[in-house]
Amino acid sequence: MQAALAEADAAAARLEVPVGCILVGADGVEIARGYNLRETWLDATAHAEMVALRAAAAKAPSWRLDGVTAYVTLEPCIMCAGAFVHARITRVVYGCDDPKGGALHSLYNIAQDTRLNHRYEVTRGVLAEECASRLRAFFAALRAQGKK
């Protein structure tokens with residue numbers, strides 16, 4: 001999760017929402033990483049998880065990411081949780097909940113939806129305060145700039 005937090009910091013440095021994602025194989029070796037690039041790429045799908053999945057796809061011999069764990073600083077949204085289903089991710093570990101858009105606990109439970117063809121394990125709350133504090137600080141700074 002520390003590496004995902006470093007990715008979140010890289011996003012914030014680019015004035016992107018500070019969310020980071022690291023994909024790690026069953027052997028413990030990092031496969032790919034990403035951070036939010038929606039503003040930079042002008043792409044609504046450029047969430048940290050999607051950036052990391054695209055990076056993994058560019059290197060991997062298959063689109064199937066069996067045995068892979070995703071470490072994400074913020075609870076994934078519907079799009080990203082669904083992409084993890086399609087990629088056959090084995091586990092997602094995330095930092096803080098997202099009460100407005102979270103799809104693994106807060107609003108939905110995509111990872112365990114029996115109507116879907118794949119399910120994955122979820123571990124929530126890892127370094128939650130560190131993850132949440134970055135988001136709070138980022139949005140507080142944006143609000144402060146808007147008041148100037």
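Look above for the structure.
As a starting point, this report considers the structure included with it. Nothing here was measured: the structure is a model prediction, and the numbers come from that model.

## Some details on the overall build of the chain
Along the backbone of the chain there are 5 helices and 5 strands. Walking the chain from its N terminus toward its C terminus, one meets helices and strands in the order α-β-β-α-α-β-α-β-β-α. Rg of the C-alpha trace for the chain: 15 Å, near the compact-globule value of 15 Å for 148 residues, within the 12% margin. Projected onto its principal axes, the C-alpha positions of the chain cover 50 × 30 × 25 Å. Relative to its 148 residues, the chain shows a buried fraction of 45%. Across the chain, every contact between residues at least 6 apart in sequence was considered, and the portion connecting residues at least 24 apart equals 54%. A total accessible area of about 7,700 Å² is found for the chain, and carbon and sulfur atoms account for 56% of it. Side chains of the chain give 17 positive and 16 negative charges; the mean places of these two sets differ by 4 Å.

## Notes on the environment of His-118
With respect to the helices and strands, the residue His-118 is situated in the loop between strand E4 (91–96) and strand E5 (121–124). Overall, the relative accessible area of 15% leaves His-118 in the buried class. With 101 residues separating them in the primary sequence, His-118 and Val-17 have C-alpha atoms 29 Å apart. Sequence-distant contacts of His-118, that is, excluding residues within four places in its chain, are made with Phe-84, Val-85, Arg-88, Ile-89 and Ala-111. Reaching out from His-118, the side chain makes a polar contact with the backbone oxygen of Ile-89 at a distance of 2.7 Å.

## Side note on the pairing of strand E1 (residues 20–24)
Burial within E1 is extensive, with 5 of its 5 residues counted as buried. Judged by which residues are buried, E1 turns out to be covered on both faces: Gly-20, Ile-22 and Val-24 on one side and Cys-21 and Leu-23 on the other are all buried. The sheet contact formed by E1 and strand E2 (residues 30–35) spans 5 bridges and is antiparallel. Residue pairing for E2: Ile-22 is matched across the bridge by Arg-33. The turn linking E1 back onto E2 is made up of 5 residues, and Gly-28 within it adopts a positive phi angle of 85 degrees. Relative to strand E3 (residues 69–74), E1 is paired through 4 bridges, and the arrangement is antiparallel. Bridge assignment links Ile-22 to a residue of E3, and that residue is Tyr-71.

## Remarks on unusual backbone geometry
At Leu-15, a position not held by glycine, the phi torsion is positive, near 60 degrees. Structurally, the position occupied by Leu-15 is in the loop between helix H1 (2–13) and E1. We note that Arg-88 has phi near 65 degrees; this positive angle belongs to a residue other than glycine. Structurally, the position occupied by Arg-88 is in the loop between helix H4 (78–87) and E4.

## Here we look at the packing of helix H3 (residues 48–59) against H4
Across the interface, H3 lies against H4 with an axial gap of 9 Å and an inter-helix angle of 25 degrees. When the interaxial angle is binned, H3 and H4 end up roughly parallel. For the element pair H3 and H4, the recorded crossing hand is left-handed. Where H3 abuts H4, its residues Glu-49, Met-50 and Leu-53 lie against Met-79, Cys-80, Ala-83, Phe-84 and Ala-87. Here the contact of H3 with H4 is composed, by residue class, of 7 nonpolar, no polar and 1 charged.

## Focus: the sheet that holds E1
Across the sheet, which stays open at both edges, the 5 strands sit in the order E2-E1-E3-E4-E5 with mixed pairing between neighbours. Edge positions in the sheet fall to E2 and E5, since each has one partner strand and no second. Taken pair by pair, the neighbouring strands of this sheet meet at an average axis angle of 15 degrees, ignoring direction. Those strands touched by H1 are E1, E2 and E3, and its axis lies near 145 degrees from that of E1.

Calculation criteria
Residues numbered from 1 in each chain as written. Predicted model: local features only at pLDDT ≥ 70, side-chain atom pairs only at ≥ 80, totals over all residues. Heavy atoms only, no water. Helix = DSSP H or I, 4+ residues; strand = E, 2+ residues; numbered from the N terminus. Rg over C-alpha atoms; globule rule 2.2 N^0.38 Å. Buried < 20%, exposed > 50% of the residue type's maximum accessible area, 1.4 Å probe, protein only. Contact = heavy atoms within 4.5 Å. Areas by Shrake-Rupley, 256 points an atom, 1.4 Å probe, with all protein chains shown as cover. Lys, Arg positive; Asp, Glu negative; His and termini not counted. Charge placed at Lys NZ, Arg CZ, Asp CG, Glu CD. Polar contact = N/O pair within 3.5 Å; in protein donor to acceptor, adjacent residues only side chain to side chain. Pairing = 2+ DSSP bridges. Axes fitted to C-alpha atoms, helices over the stretch in contact; angles between N-to-C directions. Parallel < 35°, antiparallel > 145°, perpendicular 65-115°, else oblique. Left-handed = near helix turned anticlockwise from the far one by under 90°. Nonpolar A, V, L, I, M, F, W, Y, C, P; charged D, E, K, R; others polar.

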